[in-house]
Amino acid sequence: DQQVKQNSPSLSVQEGRISILNCDYTNSMFDYFLWYKKYPAEGPTFLISISSIKDKNEDGRFTVFLNKSAKHLSLHIVPSQPGDSAVYFCAARAMDSNYQLIWGAGTKLIIKP
Amino acid sequence: SAVISQKPSRDICQRGTSLTIQCQVDSQVTMMFWYRQQPGQSLTLIATANQGSEATYESGFVIDKFPISRPNLTFSTLTVSNMSPEDSSIYLCSVYQGNGYTFGSGTRLTVV
């Protein structure tokens, strides 16, 4: 039972345009969501997070939107840059989960020059 | 945030042998997690290793196969025992501090 789903295994975007990565979840107990970026041969690095009490969080080129009623979140990257090419993971944490994260399968973002 | 040194970065091992992966953290952290990432899949939590208590294993993972040590607040090891080709994965350690989660660089294990 996949509680966190990233349905797009890959996404190709032109440099300078907006990249939108999507994530759906099923567990209504999730109250904290995170996005990580992962390059090959490296561990995931934190990008941005959002608490369930908010519907938007912005940090520079990165914005995360949360739609609780739809159990959907998205990461917007504007403008997309070549260095953004990586695998992006969505993760979620439930209340009283002992800080354990549940991860999506990742979306490989390719920024074309 | 914490900085984690994870070793080895990669290894190729014979089936039936064991490999111990080490994670050294540059600060004291209570909560540490070990993950496995099989090719093309998400990160799967193996166990939570908090100092001062026995590791807590997730469904599908057992201590005999994945023994964990957590001797202090800055260090932990995960051993992959009696390896088979199905154990070929990336293994990652992670810590949680109040300002978020940090990951080691991962160990890419290939079992032949």
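Residues numbered from 1 in each chain as written. Chains lettered and ligands numbered in written order. Predicted model: local features only at pLDDT ≥ 70, side-chain atom pairs only at ≥ 80, totals over all residues. Heavy atoms only, no water.

Caption draft 1: How the structure looks around the overall build of chain A. Counting its secondary structure elements, chain A contains zero helices and 11 strands. Taken from N to C terminus, the helices and strands of chain A fall in the order β-β-β-β-β-β-β-β-β-β-β. For chain A, the C-alpha atoms occupy an extent of roughly 45 × 30 × 20 Å along the three principal directions. Of all 113 residues assigned to chain A, the portion counted as buried reaches 43%. Within chain A, contacts between residues at least 6 apart in sequence are counted, and of these 54% link residues at least 24 apart. Just so you have it, chain A exposes about 5,600 Å², and 50% of that area is on carbon and sulfur atoms. If the 12 positive side-chain charges of chain A are averaged to one point and the 10 negative ones to another, these points end up 4 Å apart. (Helix = DSSP H or I, 4+ residues; strand = E, 2+ residues; numbered from the N terminus. Buried < 20%, exposed > 50% of the residue type's maximum accessible area, 1.4 Å probe, protein only. Contact = heavy atoms within 4.5 Å. Areas by Shrake-Rupley, 256 points an atom, 1.4 Å probe, with all protein chains shown as cover. Lys, Arg positive; Asp, Glu negative; His and termini not counted. Charge placed at Lys NZ, Arg CZ, Asp CG, Glu CD.)

Caption draft 2: A look at the packing of aromatic side chains. Within the structure shown, the criterion is met by 15 aromatic pairs over all chains. Look at Tyr 36 of chain A and Phe 103 of chain B: their rings are 5.4 Å apart centre to centre, the planes differ by 80 degrees, and that puts the pair in the edge-to-face class. Of the two residues, Tyr 36 of chain A is situated in strand E4 (residues 30-38) and Phe 103 of chain B in strand E10 (residues 100-103); the pairing between them involves two chains. Relative to Phe 66 of chain B, the ring of Phe 61 of chain B lies with its centre 5.5 Å away and its plane at 65 degrees, an arrangement referred to as edge-to-face. Among the aromatic residues, those joined into a cluster by ring pairs are Tyr 36, Phe 46, Phe 89 and Trp 103 of chain A together with Tyr 35 and Phe 103 of chain B. (Phe/Tyr/Trp six-rings, centres within 6.5 Å; stacked < 30°, edge-to-face > 60°.)

Caption draft 3: Summary view of the interface of chain B and chain A. Listed as interface residues are 19 residues of chain B and, on the opposing side, 16 residues of chain A. Carbon and sulfur atoms make up 58% of the area that chain B and chain A hide from each other, which totals about 1,400 Å². When the buried area of chain B at its contact with chain A is split by residue, Leu 43, Tyr 101 and Phe 103 of chain B rank highest and sum to 36% of it. In this structure, the connection of chain B to chain A is made through zero salt bridges. Applying the counting rule to chain B against chain A returns seven residue pairs in polar contact (both at pLDDT 80 or more). (Buried area = accessible area lost by both parts, 1.4 Å probe. Salt bridge = Lys/Arg side-chain N within 4 Å of Asp/Glu carboxyl O. Polar contact = N/O pair within 3.5 Å; in protein donor to acceptor, adjacent residues only side chain to side chain.)

Caption draft 4: Spotlight on the state of the cysteines. Taken as a whole and assessed by the stated rule, the structure comprises two disulfides over all chains. The disulfide bridge from Cys 23 of chain A ends at Cys 90 of chain A, spanning 2.0 Å between sulfur atoms. Looking along the S-S bond of the Cys 23 of chain A-Cys 90 of chain A disulfide, the torsion reads about -70 degrees, which is the left-handed sense. Residue Cys 23 of chain A is located in strand E3 (residues 19-25), and its partner Cys 90 of chain A is located in strand E9 (residues 86-94); the two are separated by 67 residues in the primary sequence. One exposure class covers both Cys 23 of chain A and Cys 90 of chain A, and it is buried. One disulfide bridge connects Cys 23 of chain B with Cys 93 of chain B, the sulfur atoms lying 1.8 Å from each other. Disulfide Cys 23 of chain B-Cys 93 of chain B: torsion about the S-S bond near -90 degrees, hence left-handed. Pair noted here: Cys 23 of chain B is in strand E3 (residues 19-25) and Cys 93 of chain B is in strand E9 (residues 89-97), with a separation of 70 residues, a long-range link. Neither residue differs from the other here; Cys 23 of chain B and Cys 93 of chain B are each classed as buried. Sulfur of Cys 13 of chain B: no disulfide; nearest cysteine sulfur belongs to Cys 23 of chain B and is 16 Å away. (Disulfide = S-S within 2.5 Å.)

Caption draft 5: Local environment of the pattern of salt bridges. One pass over the structure, following the stated rule, counts three salt bridges over all chains. Note that Lys 56 of chain A and Glu 58 of chain A form a salt bridge whose closest N and O atoms lie 4.0 Å from each other. Here Asp 87 of chain B and Lys 65 of chain B are joined by a salt bridge, their closest N and O atoms 2.6 Å apart. In this pair, Asp 87 of chain B sits in the loop between strand E8 (75-80) and E9 while Lys 65 of chain B sits in the loop between strand E6 (56-57) and strand E7 (68-72), placing the two residues 22 residues apart along the sequence.

Caption draft 6: Geometry of the nonpolar core. Grouped together as the largest cluster of nonpolar side chains are 25 residues, with contacts concentrated most on Trp 34, Ile 46, Phe 66, Leu 78, Tyr 91 and Leu 109 of chain B. The set of elements that each furnish at least two residues to this core consists of E3, strand E4 (31-37), strand E5 (43-48), E8, E9 and strand E11 (107-111) of chain B. Here the element with the most residues in this core is E3 of chain B; it accounts for four residues. Setting aside its immediate chain neighbours within four residues, Leu 78 of chain B contacts Leu 19, Thr 20, Ile 21, Trp 34, Ile 46, Phe 66, Pro 67, Ile 68 and Tyr 91 of chain B. Among the nonpolar cores identified, the runner-up in size contains 24 residues, and Leu 47, Val 64, Tyr 88 and Ala 92 of chain A belong to it. (Core = buried A, V, L, I, M, F, W, Y, C linked by side-chain atoms within 4.5 Å.)

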